[in-house]
Amino acid sequence: MGEMDKSMIEEQPTTTLVIRLATPEDIPTIELLDSFSSSPTRNIHRDIEKYFGSVDPSTHEQTCIFLAEKNGAAIGKVELMLPPTTTQPITGYIKRVVVHPQFRGQGLAKQLMQHAIDFAHSTYQVEAIDLHVWEGNRAARKLYEDLGFQVQHHEIYYRLRS
């Protein structure tokens, strides 16, 4: 490689991916990322409890939200719910995996998922991790299967309106 080519490469800005735990100050960013989700949503009240409290205190006491950032901008997220450490065996739960539309197809969701899985195993010694996915979300289903998740059962969701 010529000296000119080498210096041009060195001058290229680097884009480092950082995955970090979110804080309550990140809620507006988390909500923005959630707005890019392609999955149908259930009517769930949005407040701080949704993100940093438990959905069901008897089964999950902590939610860890991991944000993926490039050049300081949040471009993806994954949520990992964990049960009380007194519960044995420990089963984590992954929910709301979202990547900003401009950054899809680059393996970011896989990196986020792997980070959450590694964190769950190393920090909490989880024995299993569960998740739900919409049947029509083929890309997510392929991702989860590529990561080793196996289908446990199919579910049909009903609603009766008054």
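Quantities reported herein were computed from a predicted structural model and do not represent experimental measurements.

Overview of the overall build of the chain
Okay, so step 1: Each helix and strand in the chain was counted, giving five helices and five strands.
Okay, so step 2: Reading the secondary structure of the chain in the N-to-C direction produces α-β-α-α-β-β-β-α-β-α.
Okay, so step 3: Among the 162 residues that make up the chain, the fraction classed as buried is 33%.
Okay, so step 4: Of all intrachain contacts in the chain linking residues separated by at least 6 positions in sequence, the fraction that spans at least 24 positions is 61%.
Okay, so step 5: In the structure as shown, the chain presents an accessible area of about 10,900 Å², 52% of it carried by carbon and sulfur atoms.

Quick look at helix α4 (residues 108-124)
What sets the pattern is the α-helix's 3.6 residues per turn: residues three or four places apart point alike.
Okay, so step 1: The terminal C-alpha atoms of α4, which comprises 17 residues, lie 23 Å apart, in line with the 24 Å expected from a rise of 1.5 Å per residue.
Okay, so step 2: The set of residues buried in α4 consists of L108, L112, M113, A116, I117, F119, A120 and Y124.
Okay, so step 3: In the core, the buried residues of α4 are packed alongside β1 (17-21), β2 (62-70), β3 (73-82), β4 (91-99), β5 (128-131) and α5 (138-146).
Okay, so step 4: Following α4 by one or two positions, Q125 adopts a phi angle in the positive range, close to 50 degrees.

Here we look at the nonpolar core
Okay, so step 1: Counting residues in hydrophobic clusters, the biggest one holds 26 residues, and the most contacted among them are F66, I94, M113 and F149.
Okay, so step 2: Elements that contribute at least two residues to this core include exactly β2, β3, β4, α4, β5 and α5.
Okay, so step 3: If you tally residues by element for this core, the top one is α4, at eight residues.
Okay, so step 4: Look past the residues within four positions of I94 in its chain and what remains in contact with it is V78, E79, L80, M113, A116, I129, D130 and L131.
Okay, so step 5: In terms of nonpolar packing, the next biggest core, distinct from the first, is built from six residues, A22, I30, L67 and V98 among them.

Notes on the packing of aromatic side chains
Okay, so step 1: A complete count under the given rule lists three aromatic pairs for this structure.
Okay, so step 2: Here the aromatic rings of F66 and F119 are separated by 5.1 Å at their centres, their planes lie at 70 degrees, and the arrangement is edge-to-face. Taken together, the positions of F66 in strand β2 and F119 in helix α4 put the pair 53 residues apart, joining distant regions of the chain.
Okay, so step 3: Overall, the relative accessible area of 1% leaves F66 in the buried class.
Okay, so step 4: Classification of F119 by relative accessible area gives buried; the value is 19%.
Okay, so step 5: With a centroid separation of 5.9 Å and 55 degrees between ring planes, the pair formed by F119 and Y124 is classed as tilted. Y124 carries the same exposure label as F119, and that label is buried.

A look at the pairing of β3
Okay, so step 1: Counted residue by residue, β3 has eight buried out of 10 residues, so it is predominantly covered.
Okay, so step 2: Counting the residues that bridge the hairpin from β2 to β3 gives two residues, and of these N71 lies at a positive phi of roughly 50 degrees.
Okay, so step 3: Here five bridges tie β3 to β4, and the two strands are oriented antiparallel to one another. Looking at the pairing, K77 lines up with V98 of β4.

What counts and what doesn't
Residues numbered from 1 in each chain as written. Predicted model: local features only at pLDDT ≥ 70, side-chain atom pairs only at ≥ 80, totals over all residues. Heavy atoms only, no water. Helix = DSSP H or I, 4+ residues; strand = E, 2+ residues; numbered from the N terminus. Buried < 20%, exposed > 50% of the residue type's maximum accessible area, 1.4 Å probe, protein only. Contact = heavy atoms within 4.5 Å. Areas by Shrake-Rupley, 256 points an atom, 1.4 Å probe, with all protein chains shown as cover. Expected span 1.5 Å × (residues − 1). Core = buried A, V, L, I, M, F, W, Y, C linked by side-chain atoms within 4.5 Å. Phe/Tyr/Trp six-rings, centres within 6.5 Å; stacked < 30°, edge-to-face > 60°. Pairing = 2+ DSSP bridges.

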